[in-house]
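Per-entry structural report
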Amino acid sequence: MGRFPFVKPSCWILSSLGAGLLSTIGTTAIASTLEMRPHVTLESSPNSCPAKVIAYQTPRPYQEGSYSTDGMVQLQAIATQIAITQVDAYSVTWVGTLKAPFAACKATAGITAIDSTPYTEHSYLRLRFQNGKVYFILDMTGLRDANSYTPVILNRELRQGNPRWRWGGTD
């Protein structure tokens, strides 16, 4: 897989063309759909968990020397009272109270598909369902950019009740 597994091949081909050419032809970033399917624990019924949680990521236009990607996850579909609860140099965690149909869910999830293509790489997006809560974690641990630096979380927030972020690195 390419150096940016979260970007559609057509996007990273465009980003490798160079800033001068891009400014003359223009680009439109295409959002990727990231599917996260919960894997229940032995104590949980699969019927108590959501079938999947969807996140979206969109690469920002190319900038010489770096790249960045915006993302969001639709947690409001399964949870309320979502808030950022933990932040450090490598990760951010949002926590929400699961809605009644999912309150008994005990499961974990990572990225299982990007744009319907199976994803088997290290998942930098993770979910934990436990004790009536959902924990959504964006974690750069173990990732590296083209120059072997750890990518950086550039922004983290809640917008319209859903977690949103931006992360990037060097190229």
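In this text the structure is predicted, and so the values were computed from the model without any measurement.

What follows concerns the overall build of the protein chain. Counting secondary structure elements, the protein chain contains two helices and twelve strands. If you list the helices and strands of the protein chain from N to C, you get α-α-β-β-β-β-β-β-β-β-β-β-β-β. Each of the 171 residues in the protein chain was classed as buried or not, and the buried ones make up 41%. Taking as baseline every contact in the protein chain between residues at least 6 positions apart, the subset at least 24 positions apart corresponds to 58%. Carbon and sulfur atoms make up 51% of the accessible area of the protein chain, which totals about 9,100 Å².

This part takes up the nonpolar core. If you look at the biggest cluster of nonpolar residues, it comprises 33 residues, and the most contacted ones within it are Tyr124, Leu125 and Leu138. When residues of this core are assigned to their parent elements, the largest contribution, four residues, is made by strand β7 (residues 107-114).

Attention shifts here to the side chain of Arg164. Here Arg164 shows up in strand β12 (residues 162-170). For the buried Arg164, which has no salt bridge, the nearest side chain bearing the opposite charge is Glu157, at an N-O separation of 5.8 Å. In contact with Arg164, other than residues within four places in its own chain, are Gly71, Met72, Trp94, Asn155, Arg156, Glu157 and Arg159.

Scanning the entire structure with this criterion turns up six salt bridges. With a shortest N-O distance of 2.9 Å, Asp70 and Arg60 are connected by a salt bridge. Taken together, the residues Asp70 in strand β4 (residues 66-73) and Arg60 in the loop between β3 (53-59) and β4 connect sequence positions ten residues apart. For Asp70, a relative accessible area of 23% corresponds to the partly exposed category. Arg166 is paired through a salt bridge with Asp70; the nearest N and O atoms lie 2.7 Å apart. Taken together, the residues Arg166 in strand β12 and Asp70 in strand β4 connect sequence positions 96 residues apart. One network of salt bridges, with partners in common, ties together Glu35, Arg37 and Lys52.

β12 sits mainly inside the fold: seven of its nine residues count as buried. Here seven bridges tie β4 to β12, and the two strands are oriented antiparallel to one another. Residue pairing in the sheet places Gly71 in a bridge with Trp165 of β12. Relative to β12, strand β11 (residues 152-159) runs antiparallel, the two sharing seven bridges. Across the sheet, Arg156 pairs through a bridge with Trp165, a residue of β12. Once β11 ends, the chain turns through two residues before running back antiparallel as β12, passing Gln160 with a positive phi of about 55°.

Here we come to the pairing of strand β9 (residues 125-130). Of the two faces of β9, the one holding Leu125, Leu127 and Phe129 is buried and the one holding Arg126, Arg128 and Gln130 is not buried anywhere. Direction of pairing for β7 relative to β9: antiparallel, over a ladder of four bridges. Paired with Gly110 across the strands is Arg126, a residue of β9. Two elements, β9 and strand β10 (residues 133-139), share six bridges in a ladder whose sense is antiparallel. The residue of β10 that forms the bridge with Phe129 is Val134. Where β9 folds back onto β10 in an antiparallel hairpin, the turn is made up of two residues, including Asn131, whose phi is positive at roughly 50°.

Criteria and cut-off values
Residues numbered from 1 in each chain as written. Predicted model: local features only at pLDDT ≥ 70, side-chain atom pairs only at ≥ 80, totals over all residues. Heavy atoms only, no water. Helix = DSSP H or I, 4+ residues; strand = E, 2+ residues; numbered from the N terminus. Buried < 20%, exposed > 50% of the residue type's maximum accessible area, 1.4 Å probe, protein only. Contact = heavy atoms within 4.5 Å. Areas by Shrake-Rupley, 256 points an atom, 1.4 Å probe, with all protein chains shown as cover. Core = buried A, V, L, I, M, F, W, Y, C linked by side-chain atoms within 4.5 Å. Lys, Arg positive; Asp, Glu negative; His and termini not counted. Salt bridge = Lys/Arg side-chain N within 4 Å of Asp/Glu carboxyl O. Pairing = 2+ DSSP bridges.

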